[in-house]
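Tertiary structure, described
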Amino acid sequence: GIEKSFGHTPLFSGLNLTIDDDARIGIIGPNGSGKSTLLQILAGLQDPDRGDIALRKRTRLVYAAQDSRFEPGLTVNQVIDRAVASGSPDSVSHHEIIPGEILGRAGFTDWTLPVDSLSGGWRKRLAIVEAMVRNPDILASCGHDPSRDGKLVVGFALETASGISRALRKLK
């Protein structure tokens, strides 16, 4: 299993995790317990102190950070255009949905808005849409639910591609 500590404080040890197809996994714990760190390790953004992460070949894991940051000066649409361009070749066709439709279903009405003008909750929504259009096999996201209306489920979570596809179809 994997292990991670900060200083002398262990966050987790002996952790083994298998994610089955169609899985939705929530990670719940108090602040500082290692939820974000675990997702960052799974996404390859941090190394565990011990242990290995093994993903199936060609598995695309996309991480939507708790603190959503974007390049200054970009508009909502530019963020999504860049995400589509950096995703897999079947980023949009896999979901049979266009990025503009995803933005609309996520509640965005003006795609020309500068990202810098968005509130934290709207920035988080944009980060999730940005991750979804990259066509991940696994979406790892952390943060609080910015929507409060249940249309975007955000938490410390891992969700597989089939679950993401269902979520895209249900966003209305």
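The coordinates are above.
My aim in this report is to walk through the structure given alongside it, one point at a time.

1. Comments concerning the overall build of the chain
Counting its secondary structure elements, the chain contains five helices and six strands. Starting at the N terminus and ending at the C terminus, the chain contains elements arranged as β-β-β-α-β-α-α-α-β-β-α. Every one of the 172 residues in the chain was classed for burial, and the buried ones make up 42%. Within the chain, contacts between residues at least 6 apart in sequence are counted, and of these 64% link residues at least 24 apart.

2. Comments concerning the packing of helix H2 (residues 76–86) against helix H4 (residues 120–132)
Running from amino to carboxyl end, H2 crosses H4 at an angle of 25°, the nearest separation of the two axes being 8 Å. For the element pair H2 / H4, the angle class is roughly parallel. Considering only the axes of H2 and H4, their crossing is right-handed. Of the residues in H4, those touching H2 at Val 76, Val 79, Ile 80 and Ala 83 are Leu 126, Val 129 and Glu 130. Residue classes in the contact of H2 with H4 are distributed as six nonpolar, no polar and one charged.

3. A few points about the environment of Phe 70
Tracing the chain through its elements places Phe 70 in the loop between strand E4 (61–64) and H2. The class for Phe 70 is buried, based on a relative accessible area of 12%. Contact partners of Phe 70, with chain neighbours within four places excluded, come to Val 79, Val 115, Arg 123, Leu 126, Ala 127 and Glu 130.

4. Points about the nonpolar core
Formed by 16 residues in total, the largest nonpolar core has its most connected members in Val 79, Ile 80, Leu 103, Phe 108, Leu 126 and Val 129. Every element with two or more residues in this core is listed here: H2, helix H3 (99–105) and H4. Counting residues per element, this core draws most heavily on H2, at four residues. Counting 13 residues, the second largest nonpolar core, distinct from the first, contains Leu 42, Leu 61, Tyr 63 and Ala 140.

5. Some remarks on the packing of aromatic side chains
Counting across every chain of the model gives one aromatic pair. Relative to Trp 122, the ring of Phe 108 has its centre 5.1 Å away and its plane inclined at 70°; by these criteria the two rings are edge-to-face. Linking Phe 108 in the loop between H3 and H4 with Trp 122 in helix H4, this pair joins segments that are 14 residues apart in sequence. Judged by relative accessible area, which is 6%, Phe 108 ranks as buried. Classification of Trp 122 as partly exposed rests on a relative accessible area of 32%. Above the plane of the ring of Phe 6 lies Lys 4, whose end atom (NZ or CZ) is 5.6 Å from the centre.

Quick notes on the rules
Residues numbered from 1 in each chain as written. Predicted model: local features only at pLDDT ≥ 70, side-chain atom pairs only at ≥ 80, totals over all residues. Heavy atoms only, no water. Helix = DSSP H or I, 4+ residues; strand = E, 2+ residues; numbered from the N terminus. Buried < 20%, exposed > 50% of the residue type's maximum accessible area, 1.4 Å probe, protein only. Contact = heavy atoms within 4.5 Å. Axes fitted to C-alpha atoms, helices over the stretch in contact; angles between N-to-C directions. Parallel < 35°, antiparallel > 145°, perpendicular 65-115°, else oblique. Left-handed = near helix turned anticlockwise from the far one by under 90°. Nonpolar A, V, L, I, M, F, W, Y, C, P; charged D, E, K, R; others polar. Core = buried A, V, L, I, M, F, W, Y, C linked by side-chain atoms within 4.5 Å. Phe/Tyr/Trp six-rings, centres within 6.5 Å; stacked < 30°, edge-to-face > 60°. Lys NZ or Arg CZ within 6 Å of the ring centre and 35° of its normal.

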